[in-house]
Amino acid sequence: MAGNKPQLTKDQAKAYWRATIRLTITLLVIWFAVSYGAGVLLRDILDKVSIGGAPLGFWFAQQGAIYVFLILIAYYCFAMTRLEKRFGLGE
Amino acid sequence: MDQAFWSYLFVGLSFSAYIGIALWSRAGSTDEFYVAGHDVHPAVNGMATAADWMSAASFLSMAGLIAFLGYGGSVYLMGWTGGYVLLALLLAPYLREFGKFTVPDFVGDRYYSTFARIVAVICALFVSFTYIAGQMKGVGVAFSGFLGIPFEWGIIIGMVIVFFYATLGGMKGVTYTQVVQYCVMIFAYTVPAIFISFIITGNVFPQLGFISNVRGEDVAMLEKLNTTLTDLGFAEYTSTNKSMFDVFAITGALMFGTAGLPHVIIRFFTVRNARAARVSAGWALLFIALLYTTAPAIGAFARLNFISTVNEATYIEGNIDEIDYEAEAEKIREAGGTPVPHWYKDWEKTGLLSYEDKNGDGVMQYRGPNSPDGLANEVDPNRDIFVLANPQIAGLPAWVIGLVVAGGLAAALSTAAGLLMVISSAVSHDICRRTLFPQMNDKTELRVARASAAGAVVAAGLLGLFASQLGFVAQVVAFAFGLAAASLFPIIFLGIFWTRMNKEGAIAAMLTGLITTFAYIFWFKFGGGTPEQYLFGVSPEGIGFVFMFLALGVGIVTALLTSPPPQDIVELVEDIRVPGTRQPHGIADQGMEPMKDASDGPPAASAG
């Protein structure tokens, strides 16, 4: 099997890695925004709005952030598979 | 059918399933023993990871903590789920591509240093032992609270069961028992939650009940809880007295700690390749989120229920086994009072609840620190009671309670088993095979692995027996996170994302994180430190986050001041960044194939 390893040129490997980093940073910014942002730092502002009796900042901290985390990982898997295909990695 | 019958039934059924799996999944090679042959389906691994992850603290203590802390409990919810985003994006796929067995494997090879490997082993062992004490204690609590078996015997029974499947099947046995344990615990957790949500709000989904109105009233459940609490002199449920920076730091320590915990990371070595590791992290978070979005609902419902059944109830003296509860209760009802509930008297025996009649009126006043009527608080519930007694508080059928017992035990045992794998592989693989006896063959290593798993079970059990002196379950666990965040996360992260990172930097970073965090926590937990002395107002639970940045800084500066890593290492790092391209690299893989490619086993990391 060792012979079948996909090989990228140096430039391809660099481009692949740059794209990976860009995607990772974008998703981490959202990750930060919904948890530390909405749930902690901006809580006092968001709490002025309420959803079903739950102040919004409080809701983000106890429920909303978790839902967004799930979406983030799902999108990451999807986008990385697409990226790998573009570079001929994986099957 | 009484409650004890149902408890014995569910616990008996689930334990026989674990033993059955142990017999079926005997490991034949170190590959199977350490990483279940690199062949676990991503969804199955996700489920096993969820069980591995959700400990006695998640199952027994978290909803109770949230019930008490209100908004303050959010740190656990965000921290223990957000870490999976870091794991999926920053660590799991790359470590899988690296393709070995343990976290110290990665550290030792990436930093071409036996010393770094040993420091990583020490970190991994320290974190795992801290964590496992809480699990064993959870087993003891569940047994003693429900089955009337003494605490110590509960721990011994738990140990025997884990001993069986961890030494026979290794990671393979642990993985498949964890799948069953996940099913038991999620069922046990959500069934009472659904009942209670329906009783209080009329909505069967606890996540929606959480933001619904109280049944038959035009007021939201959380608003009612806020009013009830402030009327008794407590702070509002949706507020906290912790500073914003402290909440930020604790959340951070828990998130980065989650990503750095060895027993979570090694679960991602069991899947086929890097892509499967990413997908598996998603599955894991989905299975975890099922419980973690239910927990805040349980917390809020439990607090509301507790107040409405206990506050202003008339106390009945005496041990529940010796008095005629119904007759006494009837007398109180005839006199126009509300008797103390039966479940309260049941749980009183365990010492998890206490009542002191300060004003001598025989009625139980539950009050907060700013009680408006000036009465002193007389009722002191332990936080763990909220999940354990919740079904009884809500008056649910006896079989539901039996289910909760089995679930609590599943939660504690699954996590304990995952941790035991880290401990035994650290001893047999990282210390014996990779450091002391590199000539050891696979068969001998498997035997050593079994023996060290056995030794670890005994050590963990002893630790659990003494853990009863160490605060409540969740707090013991919170320790491990700070250490994982400050000592393991920085070097794994830099090892993947910064090719220039070298041996000297890694050792400096690891030691900085380990020593500072350990000293800080030790000083404030055992050394007599007071909250006024907190660094930047950060409590010991959150300090790992602060010292993580210190460790990163020290690591980067040290690396820049010393010579760059060898070319082999740079190429290794470039390989693990691109899935499916991992090749063996000289000194990084000395005497050890990176994966099973060369042997007759199934191709692992190279299989796309």
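Looking up chain B in an unreviewed UniProt entry gives the name Cation acetate symporter, with the organism given as Parvularcula marina. The UniProt entry for chain B carries the following text under Sequence similarities (unreviewed entry): "Belongs to the sodium:solute symporter (SSF) (TC 2.A.21) family." UniProt, in the comment section headed Subcellular location (unreviewed entry), describes chain B in these words: "Membrane".

For chain A, the name recorded in an unreviewed UniProt entry is DUF4212 domain-containing protein, with Parvularcula marina as its organism.

*Asks:* Explain the overall build of chain B to me, using residue names and the numbers behind them.
*Replies:* For chain B, the count of helices and strands is 24 helices and four strands. In terms of overall dimensions, chain B has C-alpha extents of about 85 × 50 × 40 Å along its principal axes. A burial count over chain B gives 64% of its 608 residues as buried. Look at the contacts in chain B between residues 6 or more apart in sequence, and 79% of them connect residues 24 or more apart. With an accessible surface of roughly 19,900 Å², chain B has 63% of that area assigned to carbon and sulfur atoms. The distance from the centre of the 33 positive side-chain charges to the centre of the 47 negative ones in chain B is 11 Å.

*Asks:* Residues and numbers for the interface of chain A and chain B, please.
*Replies:* Contacts between the two partners involve 49 residues from chain A, matched on the other side by 62 residues from chain B. Carbon and sulfur atoms supply 70% of the area buried between chain A and chain B, which totals about 4,600 Å² over both sides. At the junction of chain A with chain B, the criterion picks out three salt bridges. Its salt-bridge partner being Glu 84 of chain A, residue Arg 275 of chain B comes within 2.9 Å of it at the nearest N-O pair. For the pair chain A and chain B, the number of links is nine residue pairs in polar contact (both at pLDDT 80 or more). Of all the secondary-structure elements, those providing two or more residues to the side of chain A that touches chain B are helix 1 (10-41), helix 2 (43-46), strand 2 (54-55) and helix 3 (56-86) of chain A. No other element matches the 17 residues that helix 3 of chain A contributes to the side of chain A that touches chain B. Among the residues forming the side of chain A that touches chain B, the class breakdown is 32 nonpolar, eleven polar and six charged.

*Asks:* A description of the packing of aromatic side chains should follow, citing residues and the corresponding values.
*Replies:* In the structure shown here, the tally under the stated rule is 43 aromatic pairs over all chains. Ring centres of Tyr 36 of chain A and Phe 248 of chain B lie 4.6 Å apart, and the angle between their planes is 45 degrees; this geometry places the pair in the tilted category. With Tyr 36 of chain A in helix 1 and Phe 248 of chain B in helix 11 (residues 244-260), this residue pair bridges two chains. Taken together, a centroid distance of 6.1 Å and an interplanar angle of 50 degrees make the contact between Phe 306 of chain B and Trp 343 of chain B tilted.

*Asks:* Describe a negative patch on the surface, naming the residues involved and giving the relevant values.
*Replies:* Residue and element names in this part refer to chain B. A cluster of like negative charges, contributed by Glu 317, Glu 356, Asp 357 and Asp 361, occupies part of the molecular surface. Position of Asp 357 among the secondary structure elements: in the loop between strand 2 (353-355) and strand 3 (363-364). Among the residues examined, Asp 357 registers a relative accessible area of 30% and is labelled partly exposed.

*Asks:* How would you summarise the environment of Phe 210 of chain B if you had to cite specific residues and measurements?
*Replies:* Counting through the fold element by element, Phe 210 of chain B comes out in the loop between helix 9 (206-209) and helix 10 (221-231). Along the backbone, Phe 210 of chain B and Leu 222 of chain B are twelve residues apart, and their C-alpha atoms lie at a distance of 7.3 Å. With sequence-adjacent residues up to four places away left out, Phe 210 of chain B is seen in contact with Phe 58, Gln 62 and Gln 63 of chain A together with Met 221, Leu 222, Pro 296, Ala 297, Ala 300 and Phe 301 of chain B.

*Asks:* An account of the UniProt feature "transmembrane region" (unreviewed entry) in chain A is needed here, citing residue identities and associated values.
*Replies:* Residue and element names in this part refer to chain A. The sites that carry the UniProt feature "transmembrane region" (unreviewed entry) are, in the present numbering, residues 21-38 and 58-78. Strand forms 0% of residues 21-38 and helix 100%; the C-alpha atoms that close the span are 24 Å apart. End C-alpha to end C-alpha, residues 58-78 measures 30 Å, and it is 100% helix and 0% strand.

*Asks:* I'd like a rundown of the UniProt feature "domain: Sodium symporter small subunit" (unreviewed entry) in chain A, residues and numbers included.
*Replies:* Within the UniProt annotation, "domain: Sodium symporter small subunit" (unreviewed entry) is assigned to residues 13-89 of chain A. Taken end to end, residues 13-89 of chain A has its terminal C-alpha atoms 11 Å apart, with 83% of it in helix and 5% in strand.

*Asks:* For the pattern of salt bridges, give the residues involved together with the corresponding values.
*Replies:* Here the structure, examined in full by the defined rule, presents 17 salt bridges over all chains. Taking the shortest distance from any N to any O, the salt bridge between Glu 84 of chain A and Arg 278 of chain B comes out at 2.2 Å. In this pair, Glu 84 of chain A sits in helix 3 while Arg 278 of chain B sits in helix 13 (residues 274-292), so the two residues belong to two different chains. Considered together, Glu 84 of chain A and Arg 278 of chain B belong to a single accessibility category, that of buried residues.

*Asks:* Requested: an account of the confidence of the model for chain A, with residues and values cited.
*Replies:* Summing up the model confidence of chain A, the mean pLDDT is 86 and the portion of residues at 70 or higher is 91%. For chain A, the element scoring lowest by mean pLDDT is strand 1 (residues 50-51) of chain A, at 80; helix 3 of chain A scores highest, at 92.

*Asks:* Could you give an account of the packing of helix 3 of chain A against helix 5 (residues 74-98) of chain B, naming the residues involved and the relevant values?
*Replies:* Their axes nearest at 8 Å, the elements helix 3 of chain A and helix 5 of chain B cross at an angle of 10 degrees. In terms of axis orientation, helix 3 of chain A runs roughly parallel to helix 5 of chain B. Between helix 3 of chain A, through Ala 61, Gln 62, Ala 65, Ile 66, Phe 69, Leu 72, Ile 73 and Tyr 76 of chain A, and helix 5 of chain B, the contact on the second element is made entirely by Ser 74, Leu 77, Met 78, Thr 81, Gly 82, Tyr 84, Val 85, Ala 88, Leu 89, Pro 93 and Tyr 94 of chain B.

*Asks:* So what's going on with a positive patch on the surface? Which residues, and what values?
*Replies:* All names here are of chain A. A cluster of basic side chains, namely Lys 14, Arg 18, Arg 22, Arg 82 and Arg 86, defines a positive patch on the protein surface. Only helix 1 and helix 3 provide two or more residues apiece to the positive patch. If you trace the backbone, Arg 86 turns up in helix 3.

*Asks:* A description of a nonpolar patch on the surface should follow, citing residues and the corresponding values.
*Replies:* Taken together, the side chains of Phe 32, Leu 41, Leu 42 and Ile 45 of chain A together with Met 244 of chain B make up a nonpolar region of the molecular surface, amounting to roughly 440 Å² of accessible area. Assignment of secondary structure puts Ile 45 of chain A in helix 2. Given a relative accessible area of 57%, Ile 45 of chain A falls into the exposed group.

Basis of the calculations
- Residues numbered from 1 in each chain as written.
- Chains lettered and ligands numbered in written order.
- Predicted model: local features only at pLDDT ≥ 70, side-chain atom pairs only at ≥ 80, totals over all residues.
- Heavy atoms only, no water.
- UniProt positions renumbered as here; feature names shortened; annotations may be inferred.
- Helix = DSSP H or I, 4+ residues; strand = E, 2+ residues; numbered from the N terminus.
- Buried < 20%, exposed > 50% of the residue type's maximum accessible area, 1.4 Å probe, protein only.
- Contact = heavy atoms within 4.5 Å.
- Areas by Shrake-Rupley, 256 points an atom, 1.4 Å probe, with all protein chains shown as cover.
- Lys, Arg positive; Asp, Glu negative; His and termini not counted.
- Charge placed at Lys NZ, Arg CZ, Asp CG, Glu CD.
- Buried area = accessible area lost by both parts, 1.4 Å probe.
- Salt bridge = Lys/Arg side-chain N within 4 Å of Asp/Glu carboxyl O.
- Polar contact = N/O pair within 3.5 Å; in protein donor to acceptor, adjacent residues only side chain to side chain.
- Nonpolar A, V, L, I, M, F, W, Y, C, P; charged D, E, K, R; others polar.
- Phe/Tyr/Trp six-rings, centres within 6.5 Å; stacked < 30°, edge-to-face > 60°.
- Patch = residues over 30% accessible without salt bridge, like charges linked within 9 Å, V, L, I, M, F, W, Y side chains within 5 Å.
- pLDDT = per-residue confidence, 0-100.
- Axes fitted to C-alpha atoms, helices over the stretch in contact; angles between N-to-C directions.
- Parallel < 35°, antiparallel > 145°, perpendicular 65-115°, else oblique.

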